[in-house]
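# Structural overview
Here are the chains, one letter per residue:
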Amino acid sequence: MKKHFLVWILCLISFGLHAQKSDQAKIILNKVEAVLKKAGGIRASFDGSSKGLLLMNEEKFYLNCNGIQTWYNGKTQWSYIADSEEVNISNPTLEELQSINPYILMQTYKKGYKYQYHGTKNINGRKGYEIELIPQEQSSFSSIILFISESYLPLNIKIISDSQEPFEFKITSYQQHQRLSDKTFEFDIKQYPQVEIIDLR
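Right, let's walk through the structure included here. (Residues numbered from 1 in each chain as written. Predicted model: local features only at pLDDT ≥ 70, side-chain atom pairs only at ≥ 80, totals over all residues. Heavy atoms only, no water.)

### Observations concerning the overall build of the chain
The number of helices and strands found in the chain is three helices and 12 strands. Out of the 201 residues in the chain, the part that is buried amounts to 40%. For the chain, the exposed area adds up to about 12100 Å²; of that, 50% sits on carbon and sulfur atoms. (Helix = DSSP H or I, 4+ residues; strand = E, 2+ residues; numbered from the N terminus. Buried < 20%, exposed > 50% of the residue type's maximum accessible area, 1.4 Å probe, protein only. Areas by Shrake-Rupley, 256 points an atom, 1.4 Å probe, with all protein chains shown as cover.)

### So, the pattern of salt bridges
Tallying each qualifying case throughout the model produces three salt bridges. With its nearest N and O atoms 3.0 Å apart, the salt bridge here joins Lys-60 to Asp-182. Here the residue Lys-60 occupies a position in strand S3 (residues 60–65), and Asp-182 occupies one in the loop between strand S11 (167–178) and strand S12 (196–199), the gap between them amounting to 122 residues. Note that Asp-199 is salt-bridged to Arg-201, the shortest N-O span being 2.6 Å. Overall, Asp-199 belongs to the partly exposed group, its relative accessible area being 44%. (Salt bridge = Lys/Arg side-chain N within 4 Å of Asp/Glu carboxyl O.)

### Points about the environment of Gly-41
Position of Gly-41 relative to the elements: it lies in strand S1 (residues 41–48). With 138 residues separating them in the primary sequence, Gly-41 and Arg-179 have C-alpha atoms 6.0 Å apart. Once you skip the residues sitting within four places of it in the chain, Gly-41 turns out to touch Met-56, Asn-57, Gln-175, Gln-176, His-177, Gln-178 and Leu-180. (Contact = heavy atoms within 4.5 Å.)

### Here we look at the environment of Glu-196
Within the secondary structure layout, Glu-196 lies in strand S12. Each C-alpha atom, one on Glu-196 and one on Tyr-80, is 9.5 Å from the other, the two residues being 116 residues apart in sequence. Setting aside residues up to four positions removed in sequence, Glu-196 forms contacts with Glu-85, Glu-86 and Val-87.

### Brief notes about the sheet that holds strand S4 (residues 68–72)
Here we have 12 strands laid out as an open sheet, ordered S7-S8-S9-S10-S11-S1-S2-S3-S4-S5-S6-S12, and mixed in their pairing. The sheet is open, and its two edges are formed by strand S7 (113–123) and S12, each paired on a single side. With direction set aside, neighbouring strand axes in the sheet form an average angle of 20 degrees. Where S1 and strand S2 (residues 52–57) come together, five bridges link them in antiparallel fashion. (Pairing = 2+ DSSP bridges. Axes fitted to C-alpha atoms, helices over the stretch in contact; angles between N-to-C directions.)

### Quick word on the nonpolar core
With 36 residues, the main nonpolar core has Leu-133 and Ile-144 as its most contacted residues. Ranked by the residues each element gives to this core, the list is headed by helix H1 (residues 2–39), at six residues. Discounting residues that sit within four places of it in the chain, Ile-144 has contacts with Leu-105, Tyr-113, Ile-131, Glu-132, Leu-133, Ile-157, Lys-158 and Ile-159. Ranked by size, the runner-up nonpolar core spans 12 residues in total, among them Leu-53, Trp-71, Leu-180 and Phe-185. (Core = buried A, V, L, I, M, F, W, Y, C linked by side-chain atoms within 4.5 Å.)

### A short note on unusual backbone geometry
Even without being glycine, Asn-66 reaches a positive phi, approximately 55 degrees. Locating Asn-66 in the fold gives a position in the loop between S3 and S4.

Here it is, written out as structure tokens:
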């Protein structure tokens, strides 16, 4: 009887610690979301698995990475592939958006994710918080590791898949309050007169 009681106590302690870590992760993620909302237009350069430029204002973004430019105006996405001179037009799902622009996770983590706080870490001389996001439903990735600065900015995002090498997104420069017009997030066909349009909507 005493043995079962001890097991029960250990289970309660374990559950309590897990809940605390989950609560701490949620507090940090909520602060990140608030900081990004106040940031207005964002300009971020990154390297890691890929190197490129991200412009973002709320759900809208422009991404230039690996010879592909992507514009998203909140509904429609244009992906221009320089090598083949074609642009694909689509209305992407939330999961597709997250795989293209990991910053979207900062706005959508409340939908379909469990989160776990792994404490403070030091990466490349920068101190911050590590949080793991785990999809609650079947997904193309198994987890996402976020490294958040002490000022609540996402500095490193690692997407882990069971079938592929991890994709890592490291912020090298970050500017807030950038003036970005709506046209920044829409494909301008006048700039690419020879492009082949492939409409996937």
